[in-house]
Amino acid sequence: MLNYTIHRILIMIPTLLMISLVTFTVIKLPPGDFLSNQIAELQSQGDKQALEKAEFLREQYGLDKPFIEQYATWVGIWPGARGYSGLIQGDWGWSFEYDLPVKDVVGDRLMLSFILNFTTILFTWAVAFPIGVYTAVRQYSWADHSLTFLGYVGLATPNFLFALVLMYFANVQFGLSIGGIMEPQYLGQSWSWDKALSVANHLWIPVIVIGTSGTAGMIRRLRANLLDELQKQYVVTAKAKGMPPLRRLIKYPLRMSLNPFIADIGNLLPSVISGSAIVAVVLSLQTSGPMLLDALQSQDQYLAGSFLMFLSLLAAIGMFISDLLLAALDPRIRLSGGVAK
Amino acid sequence: MSSIAGDGARLEHFVAPEPFAPYESEELSAEQERFYRASAWQVMWWKFKRHRVAVVAALILAIFYGSTLVSEVLAPYELHSRDSRHIFAPPQRVHFFHDGSFVGPFVYGYSMKLNMEALIREYTPDTSKVQPLRFFCQGDEYEFWDLFTASFHLVCPAQGGTAFLLGTDRLGRDLLSRIIYGTRVSLTIGLLGIVVSFLIGITLGGISGYFGGWIDNVIQRFIEMVRAFPELPLWMALSAALPVTWSPILIYFGITIILGLLDWPGLARAVRSKLLALREEDFATAAVLMGARPSRVIGRHLLPSFTSHLIASATLSVPGMILGETALSFLGIGLRPPVTSWGVLLNEAQNINVVALYPWLMLCVVPVFVTVLAFNFMGDGLRDAADPYK
C-alpha cells in the first residue's frame, strides 16, 4: 500500500506540472494582456502616477519576459522580480482588475467551492447507492422502471437549465429567491456558526441541481454492475445453501460492484466541478465559477489562472483519493502497482 | 450406413422407407438462414429496430436534422425580422373554433396596453381579431442558405396579423422562428465537434494501442491528465481566448474545435483497448507480414472491425457537445449574435427577473432537452446493437 501510494504521488507531480502549464498557456492565449491594455489607455489619458504603477506591476510580474520564464515565475521555480514567489510558495499573483493580491480577492470562494463540490459528491453517493442497489435487486419492478426513467431525465437535463427552471418556479410559485450561497450579510465576514448555518441553508439547492446528472449516471452504472454480479454462480450457490437474502446481497455481490463505484469518482469529479462552475453563475453563488467567468472576460490572467488551477487541482486530488481508496479496496490494483482503472 | 445393424443374424434386415436426410438435425429454418447470411450491418439494423425507444429517438433526431435543411421555409418569420409593436409578446395559442363555429387554425390578435406602474407591456388576446394562419404562403423574405432570395413559408401569419406561437423577445422577434433557425447551428456544432474529437481520439488511441510499450504509457498518462481537467472551466477559458475581432463564422469553427479538443480521451481509450486485443489476431499479423504500414493496418484492417462501437460512442458524446455550446453561449462567451443557437437564445433568459416576467423565453430549454434525451436513447440503442451476435 505504501509503495502504491508513493508510486501514485510520483505520477501526480508531472500531472500537476502539465496541468499548470496548460492552465498558464490557456490564460495567456488571448492577444495582449490586462496591463498593456491598461497602459495604452492610461497613456492616452496622461495619468502619470497610474501609468507608473502599471509599469511597475508589469515589471514585477515580468509580463514583458518570455513566456516560459513567466510560467516558471508563476509556478515559483524561477526567481522573478520578487524572488521565488509563485504557486508553490503560496503566492497566487496579483489581480489587476481588483488591484489586490489574488488571495484577498478570492477570499473564501475557494473554500466555498470546495464545500459545494464535496457536498455534491456526498449527495451523489448517498442518493445513488441505495437507489442503485434497490433497482438492481428489484429489476423490472415498477419502481425500477420509474427510477430508471427519472435517471434518464436527470442525465439529459443540463444542470444549468435545471437551475434556471428551478429558480423560475421557486420565484413564481413560492416567491422565493434561491440564489446565493449564504445570506448577503455574511459575505466577506469571517467564519462563524451563523455563517456556516446560512451556507448550509442555501447549499442544498445547488447540490441537488449539480448532483442530479452525476447521480443518474452513477445509479445506472451501479445497477448494471450489480446485475452482472447477481447472475453469477456464487450467488446461486449462496442461495442454494440457504443464505438469507440481505446477507447474501451484502456479503459478496455488493462488495464486488463497489469497485467501479469508487473508481467513478474520477469521472464524477471533473463533471461535478464543471457543473458547479456554471450552476454557480446561474444561481449567482459566491464560489469560484462567476468570478472565473469575469476574470476570463477581462483577461485578469492571474485571477483566472488561480481559479483554473484550483479547480483542476481539486479534480486531480479527488482522483488521487479515489485511486487510493480503490487500491485499499482491491488487492489486485495495490499489488500490480499499476494505475487503477 | 443405410441399415441398422442388430446383434447378429437373428434380426431382420431393415431399411427405413422414409427418405434419409443426414443433416436434418442441423438444418436451419428460413429465418435462421436469413440471420446467418445477413451482413453484420444488417443484423445490427434488425437489433436496433427492436429497441423501440431508440427508434423513436432516431426519428425525432432525423426530423430535427431534416429541419435544418429547410429552416427558412419552416420558420414563419425571418431570423432577424422585428416587430417593434410586439415586444415581449406572450405566445399566441392556436384555436380552431371561434364562437362555436369552425374556422380552421387561427390565433387571436393582441390588444396591448402599457402598465405604467410596473412599466411593462401587457398583452391580452383580443377575441374580436381572428387571424387565420396561412399555409404554403408568401411571407418574410429570406436568403435560402445564402444562395437565393425567396419568401415561401410553410406557415405564415394572417395578412397584417401576427403569429407568435412561442411569443417574442426583447426586440419583437418571433421566438419559434429563432428556435428553428437556432437548430441549424446547435445541431451541427455537435457533429463538427465529434469529427475533431474523432480525429484526435482515433489517432492517439490507435497509436497507443497498436504500438503498446512506452508509447502507450506516455499517451495513457497524457489521457489521464486531460481527463482530470474539469471540462467547462477550460472550455470557458479557451472560448474567452477567441479574439473578439473574429467573424461569427470563425468563432463558430473555433468553438467546435474547442469542444472537440477535450472530448477525445474516452474515445481514445476505447480504441486503444480494442486495438490491444485485435492486433494479436491472425488477420492483423497477416497484414503486417505482407508489409502493410502501421497506418494501413490500423485504418484498413483494425478500425473497421469496431466501427459500430465507434459510431455508438460518438452518438453518446454528441449531446455533451451540444450542451457545451449551449452552456458557453448561455454564459455569453460562446457563439455571438447574429449567429443564433439555442444557447444564444437562452442567453436572454439569464436574468431571473426577465424570466419571471417573460417565462416563454425559457422555451428554448425544450429542444435542448429533447435533443439530448433523444441522442442518449439512440446511443443506447446503437450500443446494444453494436454487438449484434451477443
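### With respect to the overall build of chain B
Turning to step 1, where the next piece is worked out: Regarding its fold elements, chain B presents 15 helices and 5 strands.
Turning to step 2, where the next piece is worked out: The C-alpha radius of gyration computed for chain B amounts to 30 Å, which surpasses the reference 21 Å derived for 390 residues by more than 25%, pointing to a less compact arrangement than a globule.
Turning to step 3, where the next piece is worked out: Buried positions account for 38% of the 390 residues belonging to chain B.
Turning to step 4, where the next piece is worked out: Restricting to contacts in chain B with at least 6 residues of sequence separation, those with at least 24 account for 69%.

### Some points on the overall build of chain A
Turning to step 1, where the next piece is worked out: When helices and strands are tallied, chain A shows 16 helices and 2 strands.
Turning to step 2, where the next piece is worked out: If you line up chain A on its principal axes, its C-alpha atoms span 90 × 55 × 35 Å.
Turning to step 3, where the next piece is worked out: Taking as baseline every contact in chain A between residues at least 6 positions apart, the subset at least 24 positions apart corresponds to 68%.

### Overview of the pairing of strand β4 (residues 134-144) of chain B
Residue and element names in this part refer to chain B.
Turning to step 1, where the next piece is worked out: One ladder, built from 7 bridges, connects β4 with strand β5 (residues 148-156); its direction is antiparallel. Residue Y142 lies in a different strand from β5, and its bridge partner there is A150.
Turning to step 2, where the next piece is worked out: Between β4 and β5, which pair antiparallel one after the other, the connecting turn spans 3 residues, and W145 there sits at a positive phi close to 50 degrees.

### Quick look at the sheet that holds strand β1 (residues 95-98) of chain B
Residues and elements named next belong to chain B.
Turning to step 1, where the next piece is worked out: An order of β1-β2-β3 is seen for the 3 strands of this open sheet, with the pairing classed as antiparallel. Either end of the sheet is taken by a strand with one partner, and the two such strands are β1 and β3 (120-132). Ignoring strand direction, the axes of neighbouring strands in this sheet form an average angle of 55 degrees.
Turning to step 2, where the next piece is worked out: When strand β2 (residues 101-115) meets β3, the two strands line up antiparallel, connected through 10 bridges. Paired with Y110 across the strands is P125, a residue of β3.

### Quick notes on the packing of helix α5 (residues 175-211) of chain B against helix α8 (residues 248-261) of chain B
Residue and element names in this part refer to chain B.
Turning to step 1, where the next piece is worked out: Axis separation between α5 and α8 bottoms out at 7 Å; the angle between their running directions is 50 degrees. In terms of their interaxial angle, α5 and α8 are classed as oblique. As α5 packs across α8, the resulting crossing turns out to be right-handed. On the side of α5, the interface is formed by I189, L192, G193, I194, V196 and S197, while α8 contributes I255, T256, I257, L259, G260 and L261.

### Re the interface of chain A and chain B
Turning to step 1, where the next piece is worked out: Listed per partner, the contact involves 38 residues of chain A and 33 residues of chain B.
Turning to step 2, where the next piece is worked out: Elements with a minimum of two residues in the side of chain A that touches chain B: α1 (2-28), α7 (142-156), α8 (159-174), α13 (265-282), α14 (288-297) and α15 (301-329) of chain A.
Turning to step 3, where the next piece is worked out: It is α8(A) that provides the largest number of residues to the side of chain A that touches chain B, a total of 8 residues.
Turning to step 4, where the next piece is worked out: Considered class by class, the residues forming the side of chain A that touches chain B number 32 nonpolar, 6 polar and no charged.

### A few points about unusual backbone geometry
Across the chain, the bulk of peptide bonds are trans and the bulk of non-glycine residues have phi less than zero.
All names here are of chain B.
Turning to step 1, where the next piece is worked out: Residue W145 is not a glycine yet carries a positive backbone phi of 50 degrees.
Turning to step 2, where the next piece is worked out: On the basis of neighbour counts, which here come to 11 C-beta atoms within 10 Å, the residue W145 falls in the exposed class.
Turning to step 3, where the next piece is worked out: Phi at D146 takes a positive value of approximately 60 degrees, unusual for a residue other than glycine.
Turning to step 4, where the next piece is worked out: Relative to the elements of secondary structure, D146 occurs in the loop between β4 and β5.

### Digging into helix α2 (residues 34-45) of chain A
Turning to step 1, where the next piece is worked out: Its 12 residues give α2(A) an end-to-end C-alpha distance of 17 Å, which sits within 8% of 16 Å, the value for a rise of 1.5 Å per residue.
Turning to step 2, where the next piece is worked out: Residue A:G46 follows α2(A) closely and has a positive phi angle near 75 degrees.

### Things to note about α13(A)
All names here are of chain A.
Turning to step 1, where the next piece is worked out: Helix length check: α13, at 18 residues, gives a terminal C-alpha distance of 25 Å against a target of 26 Å (1.5 Å per residue), a fit within 8%.
Turning to step 2, where the next piece is worked out: A large share of α13 lies buried, amounting to 16 of its 18 residues.
Turning to step 3, where the next piece is worked out: Looking at the residues trailing α13, positive phi occurs at S284, about 40 degrees.

### Comments concerning the nonpolar core
Turning to step 1, where the next piece is worked out: B:M236 and B:A237 are the most contacted members of the largest nonpolar core, which totals 162 residues.
Turning to step 2, where the next piece is worked out: Examining the composition of this core, we find that 14 residues originate from one element, α15(A), more than from any other.
Turning to step 3, where the next piece is worked out: Not counting the four nearest positions on each side in its chain, B:M236 is found in contact with A:L292, A:L293, A:L296, B:L328, B:L331 and B:I333.

### With respect to the environment of B:A40
Turning to step 1, where the next piece is worked out: In this structure, B:A40 sits in helix α2 (residues 40-50).
Turning to step 2, where the next piece is worked out: The spatial distance from the C-alpha of B:A40 to the C-alpha of B:D387 is 9.2 Å, given a sequence separation of 347 residues.

### Things to note about the confidence of the model for chain B
Turning to step 1, where the next piece is worked out: Summary statistics for chain B give a mean pLDDT of 84 and a share of 96% for residues scoring 70 or more.
Turning to step 2, where the next piece is worked out: Looking across chain B, the model is least confident in helix α14 (residues 352-357) of chain B, with a mean pLDDT of 78, and most confident in helix α3 (residues 52-69) of chain B, with 92.

Analysis parameters
- Residues numbered from 1 in each chain as written.
- Chains lettered and ligands numbered in written order.
- Predicted model: local features only at pLDDT ≥ 70, side-chain atom pairs only at ≥ 80, totals over all residues.
- Helix = DSSP H or I, 4+ residues; strand = E, 2+ residues; numbered from the N terminus.
- Rg over C-alpha atoms; globule rule 2.2 N^0.38 Å.
- Buried ≥ 20, exposed ≤ 12 C-beta atoms within 10 Å, placed from the backbone.
- Contact = placed C-beta atoms within 7 Å.
- Pairing = 2+ DSSP bridges.
- Axes fitted to C-alpha atoms, helices over the stretch in contact; angles between N-to-C directions.
- Parallel < 35°, antiparallel > 145°, perpendicular 65-115°, else oblique.
- Left-handed = near helix turned anticlockwise from the far one by under 90°.
- Nonpolar A, V, L, I, M, F, W, Y, C, P; charged D, E, K, R; others polar.
- Expected span 1.5 Å × (residues − 1).
- Core = buried A, V, L, I, M, F, W, Y, C linked by C-beta atoms within 7 Å.
- pLDDT = per-residue confidence, 0-100.

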